[in-house]
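Structural features, examined
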Amino acid sequence: MISFKPMTLNDLIIFKKWIYTPHVAKWYLEPLDWITEIEQQEDTFSWIHHYIVEYNNKQIGFCQYYACIDSDELWEGYTALGGSYGIDYMIGESSYLGQGLGKQIILTLIQKIKEHSDAKRIVVQPDDENEASRGVLRSCGFDYDSEKDIYVMVL
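The text that follows walks through the structure, step by step, so that each part is easy to find. (Residues numbered from 1 in each chain as written. Predicted model: local features only at pLDDT ≥ 70, side-chain atom pairs only at ≥ 80, totals over all residues. Heavy atoms only, no water.)

The next thing to look at is helix α1 (residues 12-19). Those residues of α1 that sit buried are Leu12, Ile14, Phe15, Trp18 and Ile19. Buried residues along α1 cover an arc of 160 degrees about the axis, so they all sit on one side. On its buried face, α1 sits against α2 (22-25), α3 (31-39), β2 (48-55), β3 (58-67) and β4 (84-91). (Buried < 20%, exposed > 50% of the residue type's maximum accessible area, 1.4 Å probe, protein only. Helix = DSSP H or I, 4+ residues; strand = E, 2+ residues; numbered from the N terminus. Arc of directions from axis to C-beta. Contact = heavy atoms within 4.5 Å.)

Tracing the backbone through its elements, the reader meets Ser133 in helix α6 (residues 131-139). The class of Ser133 is buried, set by a relative accessible area of 8%. When residues no more than four places from it in sequence are discounted, the contact partners of Ser133 are Tyr89 and Pro126.

Another aspect to go through is unusual backbone geometry. With a phi close to 55 degrees, Glu76 is a non-glycine residue in the positive phi region. Assignment of secondary structure puts Glu76 in the loop between β3 and α4 (78-81). In this structure Glu76 comes out as partly exposed when scored by relative accessible area, which is 40%. Positive phi, normally seen in glycine, also occurs at Asp149, with a value near 55 degrees. As for its placement among the helices and strands, Asp149 is situated in the loop between β6 (143-145) and β7 (150-154). Take Asp149: its relative accessible area is 24%, and that puts it in the partly exposed class.

By themselves these figures say nothing about function.
Written out as structure tokens, the structure is:
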């Protein structure tokens, strides 16, 4: 069973372990930026909802979501439309890869975002070579906008 626990500074130790794990570091470039974001989640980055992902009460990963309007990212024009949310996710514990848990994480994020009355869509832009992430997004119902190279789910 997947569950999300709001992230605290106490979780920074395990997050640092994950962000430098080869299967994560490959996609999470600029690890110090990610660490700073977690360190400042109660002030500068309070607009981001950070979570530790647990599976059967074991910490296995991280995820977050945010209203795109609160970020400085344009999301290929989707931010300007309003109601757009961005997500990030990872399974940090390599022994939990390939078990369908990524899909469960994304589906849970979708449900959390749907709780916001302004939510109209979710946008995600995984690396072109991250076929695992692209595949799980498609399996969760995201459509690929090839013109803008972005995955979109209309809520």
